Amino acid sequence: MIAPGDLAQLEFTSGSSHGFDEVWVRARDDTGWGEWRAQTIESWNAAPEISMRGATIGRNQTVALTDIINVSDPDGPGILTYRLRDSGAYGGHFTIDGVAQAAGVVLTVSAADLSRVRWVAAPTVQANDRFEVSASDGLLSTERDIVVPTINRGIPVVDAQDHNIGWGMAVPLASLFS
């Protein structure tokens, strides 16, 4: 029997897999016990969520995959594995521990090893890079096509503004351009 003041501290913990639990409850006051009432509770698992972090990278630049994607598991079991696939159509590719991975191959990476994965942008900027990523919490998976905007950082840009310099004055050339 649970005292009415202790009811707020009582918790129900759902099962660790999809299914249904039935919880029976009845109450008592100074006139006696009420009827038993059943409540059916369904345990469920939400699929992981994958989003893009908004990274823009330069051609041939290498970035950690975790700088490109954001993955979460709304109900908390946590991500166990990732599956990655690069079609090879856009020129970028994955590396694991610095070793280039073949295009078109599905790579399975544990959550603990995700920090070892890098994305190398295409050497030329013909289109944005793309790859597929899937995250699994062991029960459900979510797949997403990721588009990585690639910019051309290979051409230098000079910024020049008009300046007034007195006759015969010497100024550092670097102060005139940036």
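Whatever comes next refers back to the structure up there.
Thresholds applied
Residues numbered from 1 in each chain as written. Predicted model: local features only at pLDDT ≥ 70, side-chain atom pairs only at ≥ 80, totals over all residues. Heavy atoms only, no water. Pairing = 2+ DSSP bridges. Helix = DSSP H or I, 4+ residues; strand = E, 2+ residues; numbered from the N terminus. Phe/Tyr/Trp six-rings, centres within 6.5 Å; stacked < 30°, edge-to-face > 60°. Buried < 20%, exposed > 50% of the residue type's maximum accessible area, 1.4 Å probe, protein only. Contact = heavy atoms within 4.5 Å. Core = buried A, V, L, I, M, F, W, Y, C linked by side-chain atoms within 4.5 Å. Patch = residues over 30% accessible without salt bridge, like charges linked within 9 Å, V, L, I, M, F, W, Y side chains within 5 Å. Areas by Shrake-Rupley, 256 points an atom, 1.4 Å probe, with all protein chains shown as cover. Salt bridge = Lys/Arg side-chain N within 4 Å of Asp/Glu carboxyl O.

Caption draft 1: Seen up close, the sheet that holds strand S7 (residues 62-64). In spatial order, the strands read S7-S13-S10-S11; together these four strands make up an open sheet with antiparallel pairing. Here the strands that pair on one side only, and so sit at the sheet edges, are S7 and strand S11 (99-100).

Caption draft 2: Structural view of the packing of aromatic side chains. Tallied over the full model, the rule gives three aromatic pairs. Judged by centre distance (4.9 Å) and plane angle (70 degrees), the rings of Phe 94 and Trp 119 are edge-to-face. Of this pair, Phe 94 sits in strand S10 (residues 93-96) while Trp 119 sits in strand S13 (residues 117-120), placing them 25 residues apart in sequence. The exposure class assigned to Phe 94 is buried, which follows from its relative accessible area of 2%. The class of Trp 119 is buried, set by a relative accessible area of 0%. An aromatic cluster is defined as three or more aromatic residues linked by ring pairs; in this entry it consists of Phe 94, Trp 119 and Phe 131.

Caption draft 3: Layout of the environment of Thr 81. Positionally, Thr 81 belongs in strand S9 (residues 81-85). Apart from residues lying up to four places away in sequence, Thr 81 is in contact with Val 109, Ser 110, Ala 111, Ser 134, Ala 135 and Ser 136.

Caption draft 4: Spatial organisation of the environment of Ala 27. Structurally, Ala 27 is set in the loop between strand S1 (19-25) and strand S2 (28-29). Judged by its relative accessible area of 55%, Ala 27 is exposed. Leave out the neighbours within four places in its chain, and Ala 27 touches Gly 32, Trp 33 and Gly 34.

Caption draft 5: Molecular detail of the nonpolar core. If you look at the biggest cluster of nonpolar residues, it comprises 23 residues, and the most contacted ones within it are Ile 68 and Phe 131. Where this core is concerned, the elements lending two or more residues are S9, S10, strand S12 (106-110), S13, strand S14 (129-136) and strand S15 (141-148). Among the elements that line this core, the one with the most residues is S14, at three residues.

Caption draft 6: Quick look at a nonpolar patch on the surface. Together, Ile 2, Leu 7 and Leu 10 line one region of the surface with nonpolar side chains, adding up to about 300 Å² of accessible area. Residue position: Leu 7 is located in the segment before S1.

Caption draft 7: The pattern of salt bridges, seen in detail. Tallied over the entire structure, the rule returns three salt bridges. Among the ionic pairs, Glu 132 bridges to Arg 85, the shortest N-O distance being 3.3 Å. On the criterion of sequence distance, the pair formed by Glu 132 in strand S14 and Arg 85 in strand S9 is long-range, its members being 47 residues apart. Residue Asp 113 is joined to Arg 116 by a salt bridge in which the shortest nitrogen-to-oxygen separation is 3.4 Å. Look at Asp 113 and you get partly exposed, because its relative accessible area is 30%. One salt-bridge network, held together by shared partners, links Asp 97, Asp 113 and Arg 116.

Caption draft 8: View of unusual backbone geometry. Residue Asn 60 is not a glycine yet carries a positive backbone phi of 65 degrees. Its place among the elements puts Asn 60 in the loop between strand S6 (57-58) and S7. You can call Asn 60 partly exposed: its relative accessible area is 48%. Of note, the phi angle at Asp 97 is positive, near 55 degrees, even though the residue is not glycine.

Caption draft 9: Expanded view of the pairing of S13. For S7 and S13, the ladder comprises three bridges, and the chain directions are antiparallel. Each residue of the ladder has a partner; that of Val 63, found in S13, is Trp 119. Here S10 runs beside S13; their pairing, made up of four bridges, is antiparallel. Bridging from a neighbouring strand, Thr 95 pairs with Arg 118 of S13.

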